[in-house]
Amino acid sequence: MRRGTCSRSGAALRKSGLGLLAAIALTGAPAAWAAEGEAQIILKLMADYVSRQENLSLKYDADVEVVTPAVEKIQFSASGDIALSRPNRFRVSRTGGYADVELISDGSNVTVFDRGGNRFAQVPAASSFDEVVDRLRTEAPLELPGADLLLSKPYEELMAGVLEAKHIGRGVVEGVECEHLAFRNLDTDWQIWVEVGERPVPRKYVITSKAVGGAPQYTLRLRDWKTGVSPASDAFAFKPPVGANGVAITLLQDIDDIPAGVVPGGAK
């Protein structure tokens, strides 16, 4: 919400919030919350649909919150595009206020291109998207936005460590009706909104860190999904721009959404 767009006073908001909590306490949670297994079924349908797509592309917007040592919560935003051609070719861009990065895999090499600094690093590609994601996480470390949703077995990855699952009901994300699911792990709570209909793609994904004071969140909005479209022959080719410098991947430690000096508050 932009500053100044809300006309209600803080006292009024607190009063209405307390009233809502009281109403929930008196009437009980919606019946759909208690439907055992519904959340898992919907999540499995989504995971199976996405993992079946050999070629897909989408756009995303991401917000990551951090809590500073002064207990101040600050949010950083980025946007980008994702194109994936299984098993191991992809192109992911991420543009924010502090980094402009592209990750490209042509099946032979994975290139991390710091567009802002006009430098790049390359490492050998793996045989699958899953292996590339794991390698980037452990060796770089770099995180592909929403990578867990695009793995070959996303259901197993998402459900690992889940202690509780709820089908909250239906909600609307950017004008699209979605099934709203909520899950609890030991250190995190996470929610996902899955498009209703024949194309059960994820439209919104929120992770809340319970292990950090202030409970910072990572929010991912996914839009403009396209499936079944064959990519262009050069869609995953990397051509270094004039003057670009090749460097070791270990030198690309300053290409995160969060600028240096800010303490991060949770995992993506």
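Cut-offs used in this document
- Residues numbered from 1 in each chain as written.
- Predicted model: local features only at pLDDT ≥ 70, side-chain atom pairs only at ≥ 80, totals over all residues.
- Heavy atoms only, no water.
- Buried < 20%, exposed > 50% of the residue type's maximum accessible area, 1.4 Å probe, protein only.
- Helix = DSSP H or I, 4+ residues; strand = E, 2+ residues; numbered from the N terminus.
- Pairing = 2+ DSSP bridges.
- Phe/Tyr/Trp six-rings, centres within 6.5 Å; stacked < 30°, edge-to-face > 60°.
- Lys NZ or Arg CZ within 6 Å of the ring centre and 35° of its normal.
- pLDDT = per-residue confidence, 0-100.
- Contact = heavy atoms within 4.5 Å.
- Arc of directions from axis to C-beta.

**Considering the pairing of strand β9 (residues 188-195)**
In regular strands, side chains alternate between the two faces of the sheet.
Consideration 1: Counted residue by residue, β9 has six buried out of eight residues, so it is predominantly covered.
Consideration 2: Where strand β8 (residues 176-184) and β9 come together, seven bridges link them in antiparallel fashion. Note on β9: the bridge partner recorded for R184 is D189.
Consideration 3: If you look at the hairpin formed by β8 and β9, you'll find three residues sitting between the two strands.
Consideration 4: Both β9 and strand β10 (residues 202-209) contribute to a ladder of seven bridges, which runs antiparallel. Bridge assignment links I192 to a residue of β10, and that residue is Y205.
Consideration 5: The turn joining β9 and β10, which pair antiparallel and follow one another in sequence, is formed by six residues; a positive phi near 120° is taken by G197.

**Let's talk about the sheet that holds strand β4 (residues 100-106)**
Consideration 1: One open sheet holds the twelve strands; their spatial order is β7-β8-β9-β10-β11-β1-β2-β3-β4-β5-β6-β12, and the pairing between them is mixed. Of all strands in the sheet, those with a lone pairing partner are β7 (164-173) and β12 (245-246), marking the two edges.
Consideration 2: Bridge count between β7 and β8: nine bridges; the pairing is antiparallel. If you follow R170 over to β8, its bridge partner there is E179.

**Overview of the packing of aromatic side chains**
Consideration 1: Evaluation of the coordinates by the stated rule reveals six aromatic pairs.
Consideration 2: Judged by centre distance (5.8 Å) and plane angle (75°), the rings of F76 and Y98 are edge-to-face. Here F76, found in strand β2 (residues 73-85), pairs with Y98, found in the loop between β3 (89-96) and β4; they are 22 residues apart in sequence, far enough to count as distant.
Consideration 3: Within the aromatic cluster, the residues linked to one another by ring pairs are F113, F120 and F238.
Consideration 4: The ring centre of Y155 lies 5.9 Å from the NZ or CZ of K44, which sits over that ring.

**Side note on the confidence of the model for the chain**
Consideration 1: Mean pLDDT over the chain: 84, with 82% of residues reaching 70 or higher.
Consideration 2: Ranking the elements of the chain by mean pLDDT puts helix α1 (residues 10-27) last with 36 and β9 first with 98.
Consideration 3: Across residues 1-29, confidence stays below pLDDT 50; counting only partners more than four residues off in sequence or on other chains, it has five contacts.

**Looking at the environment of R89**
Consideration 1: Mapped onto the secondary structure, R89 falls in strand β3.
Consideration 2: Relative accessible area serves as the criterion here: at 30%, R89 is assigned to the partly exposed category.
Consideration 3: In the structure, R89 is positioned 40 residues away from F129 in sequence and 7.2 Å away in space, judged by C-alpha atoms.
Consideration 4: Apart from the residues lying within four places of it in its own chain, the contact partners of R89 are A83, L84, S105, D106, G107, P231 and F236.

**A short note on the pairing of β10**
Consideration 1: Within β10, eight of the eight residues are buried, which leaves it mostly tucked inside the rest of the structure.
Consideration 2: Here β10 pairs with strand β11 (residues 217-227) via five bridges, running antiparallel. The residue of β11 that forms the bridge with V206 is T219.

**Focus on the environment of V132**
Consideration 1: Among the structural elements, V132 can be located in helix α3 (residues 129-139).
Consideration 2: On the basis of relative accessibility, which here comes to 2%, the residue V132 falls in the buried class.
Consideration 3: Here the alpha-carbon distance between V132 and S105, two residues 27 residues apart in the chain, equals 8.7 Å.
Consideration 4: Setting aside its immediate chain neighbours within four residues, V132 contacts F90, V110 and A126.

**Observations regarding α3**
Consideration 1: Taken together, the buried positions of α3 are F129, V132, V133 and L136. The buried residues of α3 occupy an angular sector of 100° when projected down its axis, which confines them to one face.
Consideration 2: Tucked into the core, α3 has its buried residues touching β2, β3, β4, β5 (109-114) and α4 (147-150).

**Points about unusual backbone geometry**
Consideration 1: Going from R86 to P87, the amide bond is cis rather than trans, its omega being 15°.
Consideration 2: Residue position: P87 is located in the loop between β2 and β3.
Consideration 3: Non-glycine residue A215 carries a positive phi angle of around 50°.
Consideration 4: By the element assignment, A215 lies in the loop between β10 and β11.
Consideration 5: A positive phi is found at D224, a non-glycine position, where the angle reads about 55°.
Consideration 6: Along the chain, D224 turns up in strand β11.

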